[in-house]
Each structure stands twice: as structure tokens, then as C-alpha cells.
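For reference, the chains in residue letters:
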Amino acid sequence: MKAHLCHITYQLLLHRRPCSVVNSSAIITILYWRCDPQSGEFIVMASTIVNMPLNVGTIKGLDCLSHGKFNANALPIRPSVSSLPHRRMLVVKASTNDGPIKKLGMSDAECEAAVVAGNIPEAPPVPPIPASPAGTPVGTSVDIRSRPRRNRRSPVLRSAFQETSLSPANFVYPLFIHEGEEDTPIGAMPGCYRLGWRHGLVEEVAKARDVGVNSIVLFPKVPDALKSPTGDEAYNDNGLVPRTIRLLKDKYPDLIIYTDVALDPYSSDGHDGIVREDGVILNDETVHQLCKQAVSQARAGADVVSPSDMMDGRVGAIRSALDAEGFQHVSIMSYTAKYASSFYGPFREALDSNPRFGDKKTYQMNPANYREALIELRADESEGADILLVKPGLPYLDVVRLLRDNSPLPIAAYQVSGEYSMIKAGGVLKMIDEQKVMLESLMCLRRAGADIILTYFALQAARCLCGEK
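Conventions used here
Residues numbered from 1 in each chain as written. Predicted model: local features only at pLDDT ≥ 70, side-chain atom pairs only at ≥ 80, totals over all residues. Heavy atoms only, no water. UniProt positions renumbered as here; feature names shortened; annotations may be inferred. Helix = DSSP H or I, 4+ residues; strand = E, 2+ residues; numbered from the N terminus. Contact = heavy atoms within 4.5 Å. Areas by Shrake-Rupley, 256 points an atom, 1.4 Å probe, with all protein chains shown as cover. Axes fitted to C-alpha atoms, helices over the stretch in contact; angles between N-to-C directions. Nonpolar A, V, L, I, M, F, W, Y, C, P; charged D, E, K, R; others polar. pLDDT = per-residue confidence, 0-100. Core = buried A, V, L, I, M, F, W, Y, C linked by side-chain atoms within 4.5 Å. Buried < 20%, exposed > 50% of the residue type's maximum accessible area, 1.4 Å probe, protein only. Phe/Tyr/Trp six-rings, centres within 6.5 Å; stacked < 30°, edge-to-face > 60°. Lys NZ or Arg CZ within 6 Å of the ring centre and 35° of its normal.

- With an unreviewed UniProt entry as reference, the protein is termed Delta-aminolevulinic acid dehydratase, source organism Helianthus annuus.
- Its UniProt record, at the heading Function (unreviewed entry), says of the protein: "Catalyzes an early step in the biosynthesis of tetrapyrroles. Binds two molecules of 5-aminolevulinate per subunit, each at a distinct site, and catalyzes their condensation to form porphobilinogen."

Written out as C-alpha cells, the structure reads:
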């Protein structure tokens, strides 16, 4: 049997039946066959067809000649399961030569001359049109000029036209630290820990760097004995955060370290600012403390200081303080649109920093407000912010897009602890596919306009993107 890279499908029936021929450039097409029930041999009926694409299913109207007995064991046969009911299939590969096509040693001129003379080299036939299932309506084509599905029809096209990408370089990894040597699990945030600053933290940073996450942001759990109404521990040059920065920079000089600038971890009242006796959060006095905190962090080696307090005027004041101390190279990532959200609960457990009284609604934004974010944006831009952040992330995609459309500065989004914990809980309960939802949520933040994402999923997501389990 002369054939070239031919796949022939034999239907295992005990009577003469049409056979199917697919993906073939064979010059011999098997049309009919039957199986001898006594010998188990295939009796093949065939007819010669030259240079014909062979996705013909049943071929009728040709004279059939017996080509003798054909033993299925003589050819490389592999079982194949048909999608049609009650049909077992065998796929016979007529050629076992899967290697590269051999060169004939002809020059370019000889190849061209052969084609001109009509000696066309063989090539695979036009691909067959796949059959539709039985009962499919016939002649129902709609006159549609624009069909967006054309650009989605294969993984290669979808990848080529993908508008948004997600990379470990887009992640900033929030890490909780404490003075202890052991890593303490955070109950409300499965997979997250208060890391010992000299041991667990260094190991976690190494894991993140291995998969391309080279930016972190530090959040300290400060001993209660060091907290005060004015949060003076925030600018102690030998405090937990400055010590940690120096340790990490000594071990990983190219690591980008973001820091949190706010008083709540250091305040005995649990607020981001100094609290007056009547409960009012003092703005300008708090800004004075924040400037000293930012300078202390920059002195230790911080790359980006991040005021999350939402005091008025703090970005400009911090910029001036940094510049005055020679830290013109240190960036400011301002929490431009930080909302008084209920999604922060697990974070406050992690740092034991819940407000001792009241709430934070007099300085954080109202979740119902949209246009107000533009006021904060313009103030932060004019005061010298380098990066603008929205917090929370996924529930505030509209605000992320608002900032993206109205500022040329990089935009950051914070996928906060509540968002993280909900996805984790849904995954544990098998209500969602944790990995797919995690990656989709991060992609949505990127699509909305975030250049970087602060996410507790940073390590897990980066491993997924790198193909690790």
C-alpha cells in the first residue's frame, strides 16, 4: 500500500461498512472493508485516487477491487475512542516516518525549475472541514461582517491580542514582622505569618525573589510597651522597621523596600494620628511626626516611603523633609484614595492595631464617594507624590480606573486582607477555584489600570505564573 503520512480510521464492525479517511495525502484510499469472524483478518476493499484530499468520509460511485487480506497486527495500530455512540475505532498510521523531510540536494535554481516544469513537491492537503453533529441546521449562515470571535479562536491568537499582562514584577509583597524569633500564624489570613525579622522574614524574601518578586512592604507588630499617644517609636532609628531595613539591604542590596508611614502601629490609641482628648485626630501635629518617621526609614535604606495615614498635606511635608535630609532619591507612594473600608479587619488582627475607640471615618474616605478621589489625586500630584495608590483594590476598580485616566503617574492598588481572606475561605470550602480566582482578581486590578499591586498572594501568584505548583 503506497501512502504518505496517512491516518486511516477503521470502524470495527463485522459487516462491510464505509471507512473514514482523515488528514491524508495518500494516493490509495481504502473505501470498504470487512472482518472475517473466523480468522480475525480484515478483508480490505480499496480503490486508487491520486492527489486527492481524503476527508471524504464515505466515498461512493467508484469501482471497488479486493486487495486481499490485511492483518491489523501488521501495521502500527492504536485504539481511539470515537465521540459517536457505540463505535470503537482503530487509527492506523500508514507511515511511521515522523522525522524531518529529507533534503534532495537540489539548488534553488533546480527547485524553481522543477516547479516551473510541473514537478510540484508534495505537501499536506488542504485541512478538512470538521463535521458538525447530527441535527445541526443547514444553511443558517448569518451575514455578519464583524465577528470578534475570529480573534479568540486559538490560544496563540488570544495570547497575541491580550491587552493586559500579569507578571511577578507587578507585585509588592506585604510582610508582617515582629520582634520574636518564631513565625506566628495569623488566624484570619491563612498562609500569612508574623515573621521573625531576623529569620523567617529573610527566608520569605528569598522565596519571593526566587520567583521574581523583588519588592516588599513592611508592617510591624510593635510591643504594647513601646506604644504611646504620640507614637514616638515610629521614628526610633533603632526600632523594628529601621533594623529590618538595614538587615535586608545588607543581604539583598537590590531589594526594593516600601515602608508604611502612619502612627497606628505605634499609637496606644490605634489611630493613624495623634488623638486629642475629645477624640479629634490632629492633622498638622500628626504630619510633623510622620515626617520624622519617613526620614528615619529613608536613613535606614528604604526605597519608597508610603504615607497611609490620609492626613491633609502630608505628602508635601514629607517630600520637603526628605529633600532637606539629602534623600531626594527616595520615592513617595501616597495612599491617595484610601477608603474607610470594612475589608481591613484581618490586617488589624495581624498587627493588633484596632482603634481603641471610634473609627477612622474622619480621615479615610467615604466608600460612597468617587469624585472626591480626584481632589486627593490633584493634591498628591502637586505635593510631589511619585506613585498613587487605591485601597482597597477589587471593590474599587472604578477608582483605580479614575486615577489611571487622570494622572500620568504610576498607579498602585492594594488587594487588602479582607479580599485575600475571602478568596482563601472560598477555596477551602471548595466554592471556588482558589488559584483561578486569585489570578483573575489580580488581572482585573491590572486591567483597571494598576501598574503595581500590593497583594498577600504575591508569592503564591508568582509561583503559579512561573509554572510552579
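1. Looking at the overall build of the protein
Alright, step 1. When helices and strands are counted, the protein shows 12 helices and 20 strands.
Alright, step 2. At a minimum sequence separation of 6, the contacts of the protein that also span at least 24 residues come to 69%.
Alright, step 3. Within the structure as shown, the protein displays about 25100 Å² of accessible surface, and the carbon and sulfur contribution to it stands at 53%.

2. Overview of the packing of helix H9 (residues 397–406) against helix H11 (residues 434–448)
Alright, step 1. Following both chains from N to C, one finds H9 and H11 inclined at 35°, their axes separated by 8 Å at the closest point. Two secondary-structure elements touch here, H9 through Leu397, Val400, Arg401 and Arg404 and H11 through Cys444, Leu445, Arg447 and Ala448.
Alright, step 2. A per-class count over the contact of H9 with H11 returns 5 nonpolar, no polar and 3 charged.

3. Some thoughts on the confidence of the model for the protein
Alright, step 1. When pLDDT is averaged along the protein, the result is 83, and 78% of the positions lie at 70 or above.
Alright, step 2. Note that pLDDT drops below 50 for residues 1–33; the model gives that stretch 123 contacts with residues more than four away or on any other chain.

4. Let's talk about the nonpolar core
Alright, step 1. The biggest cluster of nonpolar side chains holds 103 residues, and the ones touching the most others in it are Ile216, Leu248, Ile318, Leu322, Met333, Tyr414 and Leu454.
Alright, step 2. In terms of residue count, the dominant contributor to this core is helix H5 (residues 283–300) (7 residues).
Alright, step 3. Excluding residues within four positions of it along the chain, Leu248 makes contact with Leu201, Val202, Val205, Ile216, Leu218, Pro253, Leu255 and Ile257.

5. Re the packing of aromatic side chains
Alright, step 1. Taken as a whole and judged by the stated rule, the model has 9 aromatic pairs.
Alright, step 2. Ring centres of Phe176 and Phe219 lie 6.2 Å apart, and the angle between their planes is 40°; this geometry places the pair in the tilted category. Taken together, the residues span a long stretch of sequence, with Phe176 in strand E9 (residues 171–178) and Phe219 in strand E12 (residues 215–220) at a distance of 43 residues. The pair formed by Phe176 and Phe219 is uniform in burial state, with each residue classed as buried.
Alright, step 3. Arranged with centres 4.6 Å apart and planes meeting at 50°, the rings of Tyr420 and Phe457 form a pair that is tilted. Residue Tyr420 is found in helix H10 (residues 417–428), and its partner Phe457 is found in the loop between strand E20 (452–455) and helix H12 (458–465); the two are separated by 37 residues along the sequence. The residues Tyr420 and Phe457 share a single accessibility class, namely buried.
Alright, step 4. Site record: aromatic cluster; members linked through ring pairs are Phe176, Phe219, Phe347, Tyr414, Tyr420, Tyr456 and Phe457.
Alright, step 5. In this structure, Arg243 is placed above the aromatic ring of Trp197, and the distance from its NZ or CZ to the ring centre is 5.0 Å.

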